[in-house]
Amino acid sequence: MSTQARGLNNFISDLRNAKSKEEESNRVEVELAKIRKKFNPGDAKLAADGSNPSLSSYQRKKYVWKLVYIHVLGYEVDFGHAEVLALVRSKKYNEKSVGYVALSLLLRGSDPV
């Protein structure tokens, strides 16, 4: 993993160093709230597809990887689909690959797209 993804590495370290399941759960809830706020800013306009155009490629990938990690830990992730699809639509391979991994894990057949 790239050394540039410090926020992701720190988040994973925080979860691994949690002393209890409750501490881990609280950290996950805080992170989900931060990601939700980044994906749906109240003052900025969203793109036609529902994604946040003000997010950089790096930020979008970092937040989606965090959602994937949270999902793999067994927590419910019920948002971020527009950002995942924005990565899938990208012309850059590294963004597209992140998008397809997240798509295969996070989206269910019953989710609205």
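Residues numbered from 1 in each chain as written. Predicted model: local features only at pLDDT ≥ 70, side-chain atom pairs only at ≥ 80, totals over all residues. Heavy atoms only, no water.

**Focus: the environment of Ala18**
Part 1 of the reasoning: Topologically, Ala18 is positioned in the loop between helix H1 (6–16) and helix H2 (21–39).
Part 2 of the reasoning: Between the C-alpha atom of Ala18 and that of Leu107, which follows or precedes it by 89 residues, the distance is 28 Å.
Part 3 of the reasoning: The contact partners of Ala18, leaving out residues within four places of it in the chain, are Glu23 and Glu24. (Helix = DSSP H or I, 4+ residues; strand = E, 2+ residues; numbered from the N terminus. Contact = heavy atoms within 4.5 Å.)

**Examining the nonpolar core**
Part 1 of the reasoning: Counting residues in each nonpolar core, the largest one holds 20 residues, and the members touching the most others are Phe39, Val64, Leu67, Ile70 and Leu106.
Part 2 of the reasoning: If you list the elements that add at least two residues to this core, you get H1, H2, helix H3 (57–72), helix H4 (81–89) and helix H5 (93–106).
Part 3 of the reasoning: Counting residues per element, this core draws most heavily on H3, which supplies 5 residues. (Core = buried A, V, L, I, M, F, W, Y, C linked by side-chain atoms within 4.5 Å. Buried < 20%, exposed > 50% of the residue type's maximum accessible area, 1.4 Å probe, protein only.)

**Remarks on the side chain of Lys66**
Part 1 of the reasoning: Looking at the secondary structure, you find Lys66 in helix H3.
Part 2 of the reasoning: Exposure remark for Lys66: the relative accessible area of 5% places this residue in the buried category.
Part 3 of the reasoning: Engagement of the side chain of Lys66 in a polar contact is seen with the side chain of Glu31, the distance being 2.8 Å.
Part 4 of the reasoning: Beyond its immediate stretch of four places on either side in the chain, Lys66 contacts Gly7, Leu8, Phe11, Glu31 and Ile35. (Polar contact = N/O pair within 3.5 Å; in protein donor to acceptor, adjacent residues only side chain to side chain.)

**Observations regarding the packing of H4 against H5**
Part 1 of the reasoning: Remark: H4 packs on H5, axes separated minimally by 7 Å, with the N-to-C direction vectors making an angle of 140 degrees. With respect to each other, H4 and H5 are oriented oblique. Once H4 is placed against H5, the crossing between them reads as left-handed. Within the contact between the two elements, H4 uses His81, Val84, Leu85, Leu87, Val88 and Arg89 and H5 uses Glu95, Lys96, Val98, Gly99, Tyr100, Ala102, Leu103 and Leu106.
Part 2 of the reasoning: Among the residues forming the contact of H4 with H5, the class breakdown is 9 nonpolar, 2 polar and 3 charged. (Axes fitted to C-alpha atoms, helices over the stretch in contact; angles between N-to-C directions. Parallel < 35°, antiparallel > 145°, perpendicular 65-115°, else oblique. Left-handed = near helix turned anticlockwise from the far one by under 90°. Nonpolar A, V, L, I, M, F, W, Y, C, P; charged D, E, K, R; others polar.)

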